Amino acid sequence: MGDVVQAHWAANRLPRFPAINDRIVAMGFSLPGHYVWDFWFAKDSGTYHLYCLTAPRTQEHPDLRHPHARIYHATSANLEDWDYHGVVLGPAIGPGWDDGTTWTGSVVRRPDGKWMMFYTGTQKAEDCKIQRIGAAVSDDLHDWQKLGTEALLEADAQYYESYNASRWHDQSFRDPWVFEDAANGGWRMLFTARDNDINARGAGVIGQASSPDLTNWTVEPPLFRIGYYGEMEVPQLFQLDGWWYCLFSNSSRLRDPAYLATGRCGMCTGTHYVRSRKPDGPFELAEELFFAGDAVGHLYGGRVIEGPDGRLALMTFLNHRPDGSFVGEITSPMRLWTTSEGYLRVDASRYGVPLRD
């Protein structure tokens, strides 16, 4: 597969997709001949910019897509009809912190008007086992230049688990979600990490860091830990109806067995949340059944986005079919709301997920 992928992506001068450069009208987002999964957005002058992980579909197991991921770009005025623009970031050509993989991130606009994309990278010399976070810069959200040759952040062993093959398959330090810290000034970052003191299958935490300028970062103790999840992937913080919600995704196969045995959370795989009255916490797990999940694991990697009508909606990638096979596409926006008790709800029934009360 490696030779095919290298020929297809052609190192760092990454190609367009001429067969699909023209506008394609479709429900949700898919990329013919390719898997699509984790994604994030930026919005500028009424245009939504979608960035997502993609890799060619092959006859091999779909989990093998991860080492071959590239970051793809598309735009839309309504989150339904998409213009395809091609790959914007991939692994470094020569040895470096991201010469192995380029994975999930987020985009913010700097005070000087430039855009920054924070993303996850690994390197071949470490067998892609250790994750770090770096950035790229753009004037127009189309053309991106990597910021220097070094990562901006790496896990601090004071707070987060280092790579230990006997405990976990890699070192989790990824999925940066960056946002302006209006209350305290500067910027904050949430990320997927693991606690070094909790049992291995429940060590997943939502980590955090702070920065005055988006370049110099201080890694801080976790925003949230509970001991239930092996990983709390793809975090995102947003406000709705007086609450601050932090999304995360988790699979039932990556969950503490003792917690699973209680039956309180069911066998759900999907996207869930913790909540607080303040953006910096303390956060609570308000309910244990996932608000956007089911036993099949139809949906994963949820992101909240403000739609053209000004209302918040949830989008996820399509994960598993009932037979367990991987889909690899992105949903249309799904209606999101809160109950009188402040619980998040979403209508994902069109994708096979029952509507929660």
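Predicted model only: the values in this text are computed from it and were never measured.

**Student:** How should the environment of leucine 289 be read in this particular structure?
**Tutor:** Tracing the chain through its elements places leucine 289 in the loop between strand 17 (269-276) and strand 18 (292-294). Excluding residues within four positions of it along the chain, leucine 289 makes contact with Arg264, Cys265, Gly266, His272 and Arg356.

**Student:** Explanation requested: the sheet that holds strand 13 (residues 204-211) in the structure shown.
**Tutor:** Spatial strand order, 11-12-13-14: 4 strands in an open sheet with antiparallel pairing. Whereas interior strands pair on both sides, the edge strands pair on one side only; in this sheet they are strand 11 (173-180) and strand 14 (218-225). Direction aside, the axes of adjacent strands within the sheet are offset by 30° on average. Of the pairings in the sheet, the one linking strand 12 (residues 187-194) to strand 13 comprises 8 bridges and is antiparallel in character. Within strand 13, the position partnered with leucine 190 by the bridge is glutamine 208.

**Student:** Quick question: what am I supposed to make of the sheet that holds strand 16 (residues 243-250) here?
**Tutor:** Two strands in a sheet stick together by hydrogen bonds in their backbones, pointing the same way (parallel) or opposite ways (antiparallel). The sheet built from 4 strands is open, its strands ordered 15-16-17-18 with antiparallel pairing. Two strands close off the open sheet at either side, each with one partner strand: strand 15 (233-240) and strand 18. Shown here is a sheet whose adjacent strand axes are inclined to one another by a mean of 30°, direction ignored. In this structure, strand 15 lies alongside strand 16, joined through 6 bridges in antiparallel fashion. From the neighbouring strand, glutamate 233 faces strand 16, where its bridge partner is serine 249.

**Student:** How do you make sense of the pattern of salt bridges when you look at a structure like this?
**Tutor:** Once their charged atoms are close, side chains differing in charge can pair, the charge on each being opposite to the other. Scanning the entire structure with this criterion turns up 19 salt bridges. Residues glutamate 126 and arginine 132 are paired through a salt bridge, measuring 2.9 Å at the closest nitrogen-oxygen approach. Of the residues examined, glutamate 126 reaches a relative accessible area of 23% and is grouped as partly exposed. Arginine 132 sits in the buried class, given a relative accessible area of 13%. Aspartate 195 is the partner of arginine 225 in a salt bridge, and the nearest nitrogen-oxygen pair spans 2.7 Å. Note that arginine 225 is positioned in strand 14 and aspartate 195 in the loop between strand 12 and strand 13, a separation of 30 residues in sequence. According to the relative accessible area criterion, arginine 225 is partly exposed, its value standing at 43%. Here the salt bridges share partners, and the residues they tie into one network are Arg174, Asp175, Glu231 and Glu233.

Conventions adopted
Residues numbered from 1 in each chain as written. Predicted model: local features only at pLDDT ≥ 70, side-chain atom pairs only at ≥ 80, totals over all residues. Heavy atoms only, no water. Helix = DSSP H or I, 4+ residues; strand = E, 2+ residues; numbered from the N terminus. Contact = heavy atoms within 4.5 Å. Pairing = 2+ DSSP bridges. Axes fitted to C-alpha atoms, helices over the stretch in contact; angles between N-to-C directions. Salt bridge = Lys/Arg side-chain N within 4 Å of Asp/Glu carboxyl O. Buried < 20%, exposed > 50% of the residue type's maximum accessible area, 1.4 Å probe, protein only.

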